[in-house]
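Given next are the chains, with one letter for each unit.
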Amino acid sequence: MEAGAKLLGVELHDHQLELGELLDAGHETTAIQWPRRAGKTTSIWAWLLGRCATEDDTLILTTAQSGFKARDRFMSIMRMLDRAKAPGRPRVYQGAGHEAFEFANHSRLWVVAPKADTALGDAANVIYVDEAQALAPDASLDFEQAAMPLLDTVEDGQVVLSGTPGKVRAGWYWNALQTGLGERTGVVVGSYAPGHAVSVYAAQPGDKWDDERVWRRIHPGIGRLTTIEKIRARHTKFAKEPLRFAMEYLGVWPGTDQRRAIDADEWAAAGDDFAEKPDRFGLAYDVDPLGVQASLVAAWRDDDGLAHIELLMHGEPRQIGKEALRVAREHRVPIGYDNLGQNLDVAEGLNRAKPKPKMMPLALRDIVAAQSGLMAELRITEKHPAVTLQHPDQPVLNAAVESAAWRTVGDSGQLFGRRVSTGDITAIVAAANALLVFDRMPKRTSIRIVTRAS
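Remember, predicted model here, so these are calculated numbers, not experimental data. (Residues numbered from 1 in each chain as written. Predicted model: local features only at pLDDT ≥ 70, side-chain atom pairs only at ≥ 80, totals over all residues. Heavy atoms only, no water.)

Enquirer: Would you mind showing me how to read the pairing of strand β9 (residues 196–200) here?
Expert: In regular strands, side chains alternate between the two faces of the sheet. Of all five residues making up β9, four are buried, and the element is well covered by its neighbours. By the bridge criterion, four bridges tie strand β8 (residues 188–193) to β9 in an arrangement that is antiparallel. In the strand pairing of β9, V188 is matched with V200. Where β8 hands over to β9, the hairpin turn is made up of two residues, of which G195 adopts a positive phi near 80°. (Buried < 20%, exposed > 50% of the residue type's maximum accessible area, 1.4 Å probe, protein only. Helix = DSSP H or I, 4+ residues; strand = E, 2+ residues; numbered from the N terminus. Pairing = 2+ DSSP bridges.)

In structure tokens, the structure reads:
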């Protein structure tokens, strides 16, 4: 890091040098979470450039929250190198999609967009993702899957992820932090899990966000790279958004976006005995992305409007399809399913059945509405102090609820994420879909025939 700092013409402080020592230790994954204005990006780039300058044939891939931001950071570093004019600075290659620094010792650092197809290549000694929290969880996991094989053919390959708390507790960055922290909180620097290291400056649970003593304790840049007056100004600016200030300057992750999507207490409050199913109910199945496990669920509302869900079967997808066909024929109800992925194989089989059951494929907007509706039934608020859904105590359904985690869709939607969840979530996905199917089924009305006496 000191060699790179000379190239950039910057002076490093103790906490930055400490990070350099941590990176030099060579852990495969290092997750760095520092407050804004603490110098983390400059520190990491100094280490990256220093490694290129001092180690022959070093290959470093860098990216950020977008291709534009990654290139913008590259240009900023290039300008710092130009101003410093230090001996040994790299040659700059500058062109749309081909930005790179090349050193006389054949080391190379290049920039890519954070997309899976940009990470394809022969090898890299270091992969660096800046502002990693800004990547959508699924996108970050896709990039992780594509990028990690670049380390397979090199010795002591490293991944460096840096940023501040994100909106959602999911994805590559969150997973790396959680593994490296090993349930520790606050200021944590070091390695507490094999192959993982962390450098985290964050408030402890219970710290007051407006306490300047807390700011000084956890922000290593105050008095070095920024001033207490500037932090006060930021606190005033975000007076109406205290969580935003806490995320940016105190390392606090939002508590409302916990990895577990469904609150344990609210799910427990919805528990009850098996309820008697009516003749008509919503029916839906769901298959996991690998096509190994599937669930079939019934859902309905009683005369008081209380929602009920019940897992009918959990097992191999073809068996689930056969049971769905049997139940649909017996009760003359449609079969709902997410019109994507492995669900389509089961749907094709059902569509070939004679007589063919009525099928209700659900698009993405329907799935979002279904899961949002299920959450509304479970959520306890001031206006709605009790849950409006009941479920029996079924281990597979309970496990799905415990495993389910959110992923973001578009600007504001949320879904139970297949890849970010910790287990099989087909039962709770099918439950949400089944309740939506029931609510969209046409209501049966009794017909009364009146004859006039002659």
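Enquirer: Please clarify how the sheet that holds strand β12 (residues 307–315) should be interpreted in this entry.
Expert: Strands sit in the order β14-β13-β10-β11-β12-β15 across an open sheet of six strands; the sheet is mixed. The sheet terminates laterally at β14 (359–362) and β15 (389–390), the two strands that pair on one side only. Pairing between strand β13 (residues 335–338) and β14: four bridges, direction parallel. In the strand pairing of β14, G336 is matched with M360.

Enquirer: Sorry, what's going on with the pattern of salt bridges here?
Expert: Where side chains of opposite charge bring their charged atoms close, a pairing between them can arise. Per the stated rule, a full pass over the model turns up 18 salt bridges. Notably, a salt bridge pairs R326 with E323, separated by 2.7 Å at the nearest N-O pair. Taken together, the residues R326 and E323, both in helix α11 (residues 317–331) and three residues apart, mark about one turn of the helix. Here D366 makes a salt bridge to R440, at a shortest N to O gap of 3.0 Å. Of this pair, D366 sits in helix α13 (residues 364–378) while R440 sits in helix α15 (residues 426–440), and the two are 74 residues apart along the sequence. Since its relative accessible area comes to 10%, D366 is described here as buried. Each of the salt bridges in this network shares a partner with another, and the network as a whole consists of R36, E131 and E248. (Salt bridge = Lys/Arg side-chain N within 4 Å of Asp/Glu carboxyl O.)

Enquirer: Please explain the side chain of Q133 as it appears in this structure.
Expert: On the secondary structure map, Q133 appears in the loop between β6 (126–129) and α5 (137–147). Within the local environment of Q133, its side chain forms a polar contact with the side chain of E131, the two groups lying 2.8 Å apart. Those residues in contact with Q133 that sit more than four places away from it in its chain are R36, S162, G163, T164, P165, G166, Y173 and W253. (Polar contact = N/O pair within 3.5 Å; in protein donor to acceptor, adjacent residues only side chain to side chain. Contact = heavy atoms within 4.5 Å.)

Enquirer: Would you mind showing me how to read the nonpolar core here?
Expert: Inside soluble globular proteins, nonpolar side chains tend to come together where they are buried. If you look at the biggest cluster of nonpolar residues, it comprises 60 residues, and the most contacted ones within it are I262, Y285, F416 and I428. The leading source of residues in this core is α15, at eleven residues. Each residue touching Y285, except ones within four places of it in the same chain, is listed here: S295, L296, I320, I335, G336, Y337, N343, V346, A347, L350 and A430. In this structure, A38, F74, A86 and V126 belong to the second largest nonpolar core, which totals 36 residues. (Core = buried A, V, L, I, M, F, W, Y, C linked by side-chain atoms within 4.5 Å.)

Enquirer: What am I meant to see in the packing of α13 against α15 here?
Expert: Helix packing geometry: the angle between the two helix axes and the distance between the axes. Contact geometry for α13 and α15: axes closest at 8 Å, N-to-C directions at 95°. Looking at the two axes, α13 sits roughly perpendicular to α15. Every residue of α15 that contacts α13 at D366, I367, A370, Q371, L374 and E377 is listed here: I428, V429, A432, N433, L435, L436 and R440. The residue inventory of the contact of α13 with α15, partitioned by class, reads eight nonpolar, two polar and three charged. (Axes fitted to C-alpha atoms, helices over the stretch in contact; angles between N-to-C directions. Parallel < 35°, antiparallel > 145°, perpendicular 65-115°, else oblique. Nonpolar A, V, L, I, M, F, W, Y, C, P; charged D, E, K, R; others polar.)

Enquirer: So what exactly am I meant to see when it comes to the environment of S162 here?
Expert: Within the secondary structure layout, S162 lies in strand β7 (residues 158–163). Since its relative accessible area comes to 0%, S162 is described here as buried. For the pair formed by S162 and W209, sequence separation is 47 residues and the distance between their alpha carbons is 22 Å. Contacts of S162, omitting those with residues within four sequence positions, involve I32, K40, I44, Y128, V129, D130, E131, A132, Q133 and Y173.

Enquirer: What is the right way to look at the sheet that holds strand β1 (residues 29–33) in this model?
Expert: What holds strands together in a sheet is hydrogen bonding between their backbones, with the strands either parallel or antiparallel. Strand order in the open sheet made by the nine strands is β3-β4-β5-β2-β6-β7-β1-β9-β8, with mixed pairing throughout. Two strands bound the open sheet, and with one partner strand each, they are β3 (91–93) and β8. Strand-to-strand twist of the sheet, defined as the mean angle between neighbouring strand axes without regard to direction, takes the value 15°. As paired strands, β1 and β7 are joined by five bridges and run parallel to one another. Looking at β7, one finds that Q33 is bridged to G163.

Enquirer: Can you help me understand the side chain of Q16 in this one?
Expert: Following the sequence through the fold, Q16 ends up in helix α2 (residues 14–24). Residue Q16 is classed as buried on the basis of its relative accessible area, which comes to 2%.

Enquirer: Which parts of the structure should I look at to understand the pairing of β12?
Expert: Strand direction decides the pairing type here: strand β11 (residues 294–301) and β12, joined by eight bridges, are antiparallel. Counted as the bridge partner of S295 is H314 from β12. Once β11 ends, the chain turns through five residues before running back antiparallel as β12, passing G305 with a positive phi of about 85°. As defined by bridge partners, β12 adjoins β15 across two bridges and the pair is classed as parallel. Within β15, the position partnered with A307 by the bridge is L389.

Worth remembering: the numbers are spatial, not functional.
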